Amino acid sequence: MSLRYALLGLLSDGPASGYDLLRTFKHSLANVWPATQSQIYTELTKLADTGFIAVSDEGPRGRKEYTITDAGLDDLRTWLTTTRPKQVTRNDTLLRVFFLGILPPEQARAYLAGIAERAEQAHAELGELEQNIDWTDSNLSHYGHLALEYGARATAMNRDWARWALEQLPPEQD
């Protein structure tokens, strides 16, 4: 359901083709809500069928540019103001941490070190993304930057926690 609102939100910033939307997903929303090309195009068709978006321009090779309609904007606003986000409570990574004691200590260390490395890599990628985006004063850019900062802080916290957790393990035996 949130793919629908991600697309409506992007289109609220201005008209875009399916290709433009896919590129935006890959370069900004993938960290928040990943989507494949087929998922995006399928959802665009559904949104057009419901009247929440309209084809505003057609180009060569079947290229279509979509625009959000008033009904789509109303639906997006309703979703933003009346639908509570689902809280993610399941965490496969932490479930495994809970049971690391059944592994030999070197495997437990390797697992925690892997968490720290992946978090560091994700944090670095978000830093590069922040440097490479041409931030503007548009709403999408402003609030997108807030979401990116959340991701940067979350990856830093995961990295720091994993490093701390490594320090909490019993010392390695010779």
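Below is a short write-up of the structure. (Residues numbered from 1 in each chain as written. Predicted model: local features only at pLDDT ≥ 70, side-chain atom pairs only at ≥ 80, totals over all residues. Heavy atoms only, no water.)

## Topic: the nonpolar core
Logical step 1: Residues Leu7, Leu8, Leu11, Leu21, Phe25, Ile40 and Leu44 are the most contacted members of the largest nonpolar core, which totals 21 residues.
Logical step 2: For this core, the elements supplying multiple residues, two or more each, are α1 (2–12), α2 (18–27), α3 (37–50) and β3 (64–68). (Core = buried A, V, L, I, M, F, W, Y, C linked by side-chain atoms within 4.5 Å. Buried < 20%, exposed > 50% of the residue type's maximum accessible area, 1.4 Å probe, protein only. Helix = DSSP H or I, 4+ residues; strand = E, 2+ residues; numbered from the N terminus.)

## Comments concerning the environment of Glu106
Logical step 1: You can see Glu106 is positioned in helix α6 (residues 105–132).
Logical step 2: Of the residues examined, Glu106 reaches a relative accessible area of 54% and is grouped as exposed.
Logical step 3: As for Glu106 and Leu44, which are separated by 62 residues in sequence, their C-alpha atoms are 49 Å apart.

## Details of the pattern of salt bridges
Logical step 1: Taken as a whole, this structure holds 8 salt bridges when the rule is applied.
Logical step 2: In this structure, Arg63 engages Asp20 in a salt bridge whose closest nitrogen and oxygen atoms are separated by 3.5 Å. Of this pair, Arg63 sits in the loop between β2 (53–58) and β3 while Asp20 sits in helix α2; the two residues are 43 residues apart in sequence, bridging distant segments of the chain.
Logical step 3: Ionic pairing is found between Arg159 and Asp160, a salt bridge with its closest N-O pair at 3.0 Å.
Logical step 4: With relative accessibility at 13%, the residue Arg159 sits in the buried group.
Logical step 5: A residue is classified by how much of its surface remains accessible, and Asp160, at 40% relative accessible area, is partly exposed. (Salt bridge = Lys/Arg side-chain N within 4 Å of Asp/Glu carboxyl O.)

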